[in-house]
Amino acid sequence: MATSKIFKIWFVLLLVVLMNLISPFLVMVKGEQQVPCLFIMGDSLFDNGNNNNLLTAAKANYPPYGIDFPDGPTGRFTNGKNTADFLAEILGFDRYIEPFATVKGVEMFRGVNYASGAAGIRDESGIHLGDRISLNRQLRNHKVTISHMSTLLGNKTLTKEYLSKCIYIVGMGNNDYINNYLMPQFYPSSHLYKPEKYAKLLIQQYSKQLKSLYRYGARKVVVFGVGSLGCIPAELELYGTKDSICVDSINSAVQKFADKFKPMIDDLNSNLPDASFIYINQTSIAIGDPSAIGLTSLAEPCCEISSFIAKGQCSNGGGACSDRASHYFWDGFHPTEIPNKVCAERAYAALLPTDAYPFDISHLAGSALNKLAQSGA
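Overview of the structure. Each chain carries its own residue numbering, running from 1 in the written order of its sequence. Thresholds applied to this predicted model are a pLDDT of at least 70 for local features of residues and 80 or more for the giving and counting of side-chain atom pairs; totals over whole chains, interfaces and linings are not thresholded and use all residues. Excluding hydrogens and water, the side-chain values take into account all heavy atoms of the structure.

With that settled, consider the state of the cysteines. The disulfide criterion used throughout: a pair of cysteine sulfur atoms within 2.5 Å. Scanning the entire structure with this criterion turns up four disulfides. The residue that forms a disulfide with Cys37 is Cys166, at a sulfur-sulfur distance of 1.7 Å. Of this pair, Cys37 sits in the loop between helix H1 (2-30) and strand E1 (38-42) while Cys166 sits in the loop between helix H4 (156-163) and strand E2 (167-171), and the two are 129 residues apart along the sequence. As far as burial versus exposure is concerned, Cys37 and Cys166 are alike and both buried. Residue pairing for Cys231: its cysteine sulfur links by disulfide to Cys246, the two sulfurs lying 2.0 Å apart. Where Cys231 bonds to Cys246 through sulfur, the torsion about that S-S bond is close to 105 degrees, and the disulfide is right-handed. Elements are defined by DSSP. Helices are runs of H or I of four residues or more, strands are runs of E of two residues or more, and each kind is numbered from the N terminus. Throughout this description, buried means an accessible area under 20% of the type-specific maximum (1.4 Å probe, protein chains only), exposed means over 50%, and partly exposed covers the range between.

In this section: the pattern of salt bridges. Whenever a carboxyl oxygen of Asp or Glu lies within 4 Å of a side-chain nitrogen of Lys or Arg, that contact is scored as a salt bridge. With the rule as written, the count across this model stands at 14 salt bridges. With its nearest N and O atoms 2.7 Å apart, the salt bridge here joins Glu196 to Lys260. Of the two residues, Glu196 is situated in helix H7 (residues 195-215) and Lys260 in the loop between helix H9 (248-258) and helix H10 (261-271); the sequence distance between them amounts to 64 residues. In this structure Glu196 comes out as partly exposed when scored by relative accessible area, which is 39%. Residues Glu345 and Lys341 are paired through a salt bridge, measuring 2.5 Å at the closest nitrogen-oxygen approach.

This paragraph deals with helix H3 (residues 135-153). By definition here, a helix of n residues has an expected span of 1.5 Å times n minus one. Under the 1.5 Å per step criterion, the end-to-end length of H3 is 27 Å for 19 residues, consistent within 8% with the ideal 27 Å. The complete set of buried residues in H3 reads Leu135, Gln138, Leu139, Asn141, His142, Thr145, Ile146, Met149, Ser150, Leu152 and Leu153. At the exit of H3 stands Gly154, carrying a positive phi of roughly 70 degrees.

Our focus in this paragraph is the pairing of E1. Within E1, five of the five residues are buried, which leaves it mostly tucked inside the rest of the structure. Residues Leu38, Ile40 and Gly42 line one face of E1 and the alternating positions Phe39 and Met41 line the opposite face, and both faces are buried. In this analysis, strands are considered paired if DSSP registers two or more bridges between them. Bridging between E1 and E2 involves five bridges; their strand directions are parallel. Within the sheet, the bridge partner assigned to Met41 lies in E2 and is Val170.

Another aspect to go through is the nonpolar core. Nonpolar cores are built from buried Ala, Val, Leu, Ile, Met, Phe, Trp, Tyr and Cys residues. Side-chain atoms within 4.5 Å join them into one set. With 56 residues, the main nonpolar core has Tyr177, Tyr206, Phe257 and Phe277 as its most contacted residues. Examining the composition of this core, we find that eight residues originate from one element, H7, more than from any other. The contacts of Tyr206, once residues within four sequence positions are left out, are Ile121, Leu135, Val170, Gly171, Met172, Val223, Phe224, Phe257, Phe261 and Met264. Counting 27 residues, the second largest nonpolar core, distinct from the first, contains Val35, Leu91, Ile97 and Phe224. Only heavy atoms enter the contact rule, under which two residues are in contact if any of them lie within 4.5 Å.

Turning to a nonpolar patch on the surface, a few remarks are in order. Patch membership needs two things, relative accessible area over 30% and no salt bridge, and members are linked within 9 Å if like-charged or within 5 Å if nonpolar (Val, Leu, Ile, Met, Phe, Trp, Tyr). To be clear on the numbers: accessible area is Shrake-Rupley with a 1.4 Å probe, and residue cover counts the displayed protein chains and nothing else. Among the surface-exposed residues, Ile287, Leu351 and Leu352 lie close enough to one another that they form a single nonpolar patch of about 290 Å² accessible area. Mapped onto the secondary structure, Leu352 falls in the loop between helix H12 (337-348) and strand E5 (356-357).

This paragraph deals with the packing of aromatic side chains. Two rings belonging to Phe, Tyr or Trp (six-membered ring only in the last case) form a pair when the distance between their centres is within 6.5 Å. Interplanar angles under 30 degrees mark stacking, angles over 60 mark edge-to-face geometry, and anything in between is tilted. Taken as a whole and judged by the stated rule, the model has 19 aromatic pairs. Taking 6.3 Å as the distance between ring centres and 65 degrees as the angle between the ring planes, the aromatic pair formed by Tyr65 and Trp330 counts as edge-to-face. In this pair, Tyr65 sits in the loop between E1 and helix H2 (83-90) while Trp330 sits in the loop between helix H11 (282-285) and H12, placing the two residues 265 residues apart along the sequence. Since its relative accessible area comes to 1%, Tyr65 is described here as buried. Taking relative accessible area as the criterion, Trp330 reaches 0% and is therefore assigned buried. Here the aromatic residues Tyr177, Tyr181, Tyr193, Tyr198, Tyr206, Phe257, Phe261 and Tyr279 are joined through ring pairs into a cluster of three or more. The ring of Tyr96 is capped by Arg76, whose NZ or CZ atom sits 5.3 Å from the centre of that ring. Criterion for a charge above a ring: Lys NZ or Arg CZ within 6 Å of the ring centre, and within 35 degrees of the ring normal. Sitting over the face of the ring of Tyr214, Arg219 holds its NZ or CZ atom 3.7 Å from the ring centroid.

Listed below in structure tokens is the structure:
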């Protein structure tokens, strides 16, 4: 029994060491995997199945979700791949990162997806929909993963060194508005705080959570900002507009939060040794002519929308438009596959200087590659 356990630990250790030694040369020679692992935290924009078995209305493991995904409905809140899937592809992973709900054994060394639909920075966000895995819970789940990795490697220091070479993607804050601040009938936040005060409290909590992630071993962290939430179909239907194409009051409130991301990134990079935090500006990425990439329907959901529980999501077993390549939105909240692909591509290689700060994911991956090459030398 003892011999078998020792063999298992050394086998895993050998796999990890080989990955560190070989991957830099694979990337340089064949353009393959750029980092040893990818960890993902976020909400429904990144969720790939963690909510499937939760008691919640915020789930997408039924048709027509996944209509264009090879495996059908998997829990992704779109018709095909989400942004996290595309980023994994761009970074050279040969398959998608497994959700925490199903990942097992050595697979976790490739990374884990912890994202959960309706989750927020604040623990209470999305509670009216049922269970969801808030960012605090996702951080606790990551500690569980680290513990398993340390057990398999038999060395906490080696585990932390390995994690320092991984890329972490974090996208939170949408539900702290959509399923909290903008729902005064369920949550007291908008009664307690004016938009500026709420944004300040939110960024303070977010910063603390990202510092916890750093303490757990993360060094290369991609922080996705919030988008123009006043332009999504669910909010347009709920609030309506007058002379504007979006709900300006919502965008104004959310912008107060978005404006605090760059100062937060500067603070994290200045005060955390060896840290590389970058900010992806989704509002900037949305700039441009959508018709240039075939998107002509910008405010109408593609799928048949539920009018009952989880209003704004696709109706279970409902229909979907045939011209999905021309629709920006899949349901009342989430983009179709094409905007997800564009978001991932511009997050990796910024098209505009405002897309990423202080640099894009390709530079972050390059620094990780250099570190891998040095460790393999």
